[in-house]
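Structure at a glance
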Amino acid sequence: MSKDLRLRKAAMADVKGIHQLLLKTAAEGLLLPRPLGDLYKCVREFYVLDREDSQEVLGCCALSIVWDDIAEIRSLVVDDSLRGSGYGARLVRSCLDEAIALGLSRVFTLTYQDGFFAKQGFATVKKEVLPNKIWADCIHCPKFPDCDEIAMLLELQ
């Protein structure tokens, strides 16, 4: 990692930067937008990538607990200037390390970037294997029931 870039747990001061990054990426059709109020409620789920000197959020990823043995990787974004440099994989790895530390056995994602997640060890699954997600979150999504995201699952060891 570049000397001036750091990966760390998010703080309250990062929420607006996370929100702006997510809005920009959602406008590109690469993920679904999230309301600012929701981000304040779940800021503890996020890891961020920033520059030590500016604290500008250049990447983010969240680990959201869904049930006693499963969590979701959400809101993975890396600034255009850093895409392809391995920072997305590092953000995902931070979330996976936390999932292991919490004793979770499975992590899933709903994504449009299935090739990236396949490289991280995730396998494509039918959304029906994620009923807790479907009934907790997806049912409130404007794309439900015609979701075009790809469900992927990683079994942790």
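Note: the structure precedes this text.
The following paragraphs examine the structure supplied in this document. (Residues numbered from 1 in each chain as written. Predicted model: local features only at pLDDT ≥ 70, side-chain atom pairs only at ≥ 80, totals over all residues. Heavy atoms only, no water.)

**Thoughts on the side chain of T109**
Topologically, T109 is positioned in strand β5 (residues 106-111). Beyond its immediate chain neighbours, meaning those up to four positions away, T109 contacts E72, I73, F117, F122, I150, A151 and M152. (Helix = DSSP H or I, 4+ residues; strand = E, 2+ residues; numbered from the N terminus. Contact = heavy atoms within 4.5 Å.)

**So, the environment of I150**
In this fold, I150 is placed in strand β7 (residues 150-155). Note: C-alpha distance between I150 and K126 (24 residues apart in sequence) is 8.3 Å. The contact partners of I150, leaving out residues within four places of it in the chain, are T109, L110, T111, D114 and T124.

**Considerations on the environment of V107**
You can see V107 is positioned in strand β5. For the pair V107 and F122, spaced 15 residues apart in the sequence, the C-alpha separation amounts to 8.6 Å. Excluding residues within four positions of it along the chain, V107 makes contact with L63, A71, I73, L96, A99, F122, M152, L153, L154 and L156.

**Considerations on the pattern of salt bridges**
Taken as a whole and assessed by the stated rule, the structure comprises 12 salt bridges. The salt bridge involving D50 is made with R8; its shortest N-O contact spans 2.8 Å. On the criterion of sequence distance, the pair formed by D50 in strand β2 (residues 46-51) and R8 in strand β1 (residues 5-9) is long-range, its members being 42 residues apart. The partner of E28 in a salt bridge is R83, and the shortest N-O contact between them spans 3.9 Å. Of this pair, E28 sits in the loop between α1 (15-27) and α2 (36-41) while R83 sits in the loop between β4 (70-78) and α3 (87-101), and the two are 55 residues apart along the sequence. The exposure class of R83 is partly exposed, given its relative accessible area of 37%. Through salt bridges with shared partners, a single network forms among R6, R8, D14 and D50. (Salt bridge = Lys/Arg side-chain N within 4 Å of Asp/Glu carboxyl O. Buried < 20%, exposed > 50% of the residue type's maximum accessible area, 1.4 Å probe, protein only.)

**Brief notes about the nonpolar core**
Membership of the largest hydrophobic core comes to 23 residues, with the highest contact counts inside it found for L63, I73, L82, V92, L96, V107 and F122. Of all the secondary-structure elements, those providing two or more residues to this core are β2, β3 (57-67), β4, α3 and β7. The greatest single-element share of this core, amounting to 6 residues, is contributed by α3. Those residues in contact with V92, other than ones at most four positions away along the chain, are C61, I73, L76, F116, F117, Q120 and F122. (Core = buried A, V, L, I, M, F, W, Y, C linked by side-chain atoms within 4.5 Å.)

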